[in-house]
Amino acid sequence: CHYGPDGQDLRPPDDQENGCARACYDCLLSYYNQRDHLRLNRHVVREFLMQLAGATTTIGSGERDHESHYQYLYGRTDPESDLERRFLTQIYERGHRLPDLAQGPLGDVPTIPDFFYQPNVCVYCDGSVHDDVQQRAEDEQIRRELKDRGYRVVVYRYDDDLDQLLARHKDVFGTAE
């Protein structure tokens, strides 16, 4: 909209050669919004744009702040799983993106991931009980079905290096702040 970082008008209306009184085809006008041309005015949004330019963003659920969301998730972890709580605490303390849900059932597959990231990432924290042959076979079957239905499955095992897991899945967990 022709404003500099400090809010200065870079194309003042009185500039005969490059001026922009309300809107032009270099900023707001286009063929697709011709019906709205008379209503468009870049000066109306200047203050709002300046506020946005100085804004900061934080990772959160949209319903709770980061701390409250961590507490909410922590309270929903399996009380029998220290691994889940350690995983959640580590990503929280390192400033990574928190899951959207903990211990939430999926509607279309009979499984409850330990954590879930919207839109389709299931995170499982597998303790040593998952080394059992029978349990491993059940895990593989469920996780194959999840993948077939378009879910992404991330498994954090008790003997995994968390730093490596986070690095491999930066698109899910983000980078540390």
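Up top is the structure these notes are about.
Bear in mind the structure is a predicted one, so any value in this text is a computation, not a measurement.

A look at the nonpolar core
By size, the foremost hydrophobic cluster in this structure holds 20 residues, and its most contacted members are Phe-87, Val-123 and Phe-173. Looking at this core, the elements with two or more residues in it are helix H2 (66–76), helix H3 (82–93), strand S2 (115–117), strand S3 (121–126), strand S4 (152–157), helix H5 (162–168) and helix H6 (170–173). Leu-106, Val-109, Cys-122 and Leu-146 belong to the second-largest nonpolar core, a separate cluster that totals 8 residues.

A word on the packing of aromatic side chains
Any aromatic ring pair is given by two values, namely how distant the centres are and how the planes are angled relative to each other. Summed over the entire model, instances satisfying the criterion amount to 8 aromatic pairs. Taking the centre distance of 5.8 Å and the plane angle of 50° together, the rings of Tyr-70 and Tyr-74 count as tilted. Of this pair, Tyr-70 and Tyr-74 both sit in helix H2, 4 residues apart, roughly one helical turn. For the pair Phe-116 and Tyr-151, a centre-to-centre distance of 6.4 Å together with 65° between the ring planes defines the contact as edge-to-face. Residue Phe-116 is found in strand S2, and its partner Tyr-151 is found in the loop between helix H4 (133–148) and S4; the two are separated by 35 residues along the sequence. Each of the two residues, Phe-116 as well as Tyr-151, counts as buried. Counting every residue linked through ring pairs, the aromatic cluster contains Phe-87, Phe-115, Tyr-117, Tyr-156 and Phe-173. Seen from the ring of Tyr-72, Arg-64 lies directly overhead, with NZ or CZ sitting 3.8 Å from the centre.

Describing a nonpolar patch on the surface
Taken together, the side chains of Val-44, Val-45, Phe-48, Leu-49 and Leu-52 define a hydrophobic patch exposed on the protein surface, amounting to about 440 Å² of accessible area. Locating Val-44 in the fold gives a position in the segment before helix H1 (46–53).

The rules behind each value
Residues numbered from 1 in each chain as written. Predicted model: local features only at pLDDT ≥ 70, side-chain atom pairs only at ≥ 80, totals over all residues. Heavy atoms only, no water. Core = buried A, V, L, I, M, F, W, Y, C linked by side-chain atoms within 4.5 Å. Buried < 20%, exposed > 50% of the residue type's maximum accessible area, 1.4 Å probe, protein only. Helix = DSSP H or I, 4+ residues; strand = E, 2+ residues; numbered from the N terminus. Phe/Tyr/Trp six-rings, centres within 6.5 Å; stacked < 30°, edge-to-face > 60°. Lys NZ or Arg CZ within 6 Å of the ring centre and 35° of its normal. Patch = residues over 30% accessible without salt bridge, like charges linked within 9 Å, V, L, I, M, F, W, Y side chains within 5 Å. Areas by Shrake-Rupley, 256 points an atom, 1.4 Å probe, with all protein chains shown as cover. Salt bridge = Lys/Arg side-chain N within 4 Å of Asp/Glu carboxyl O.

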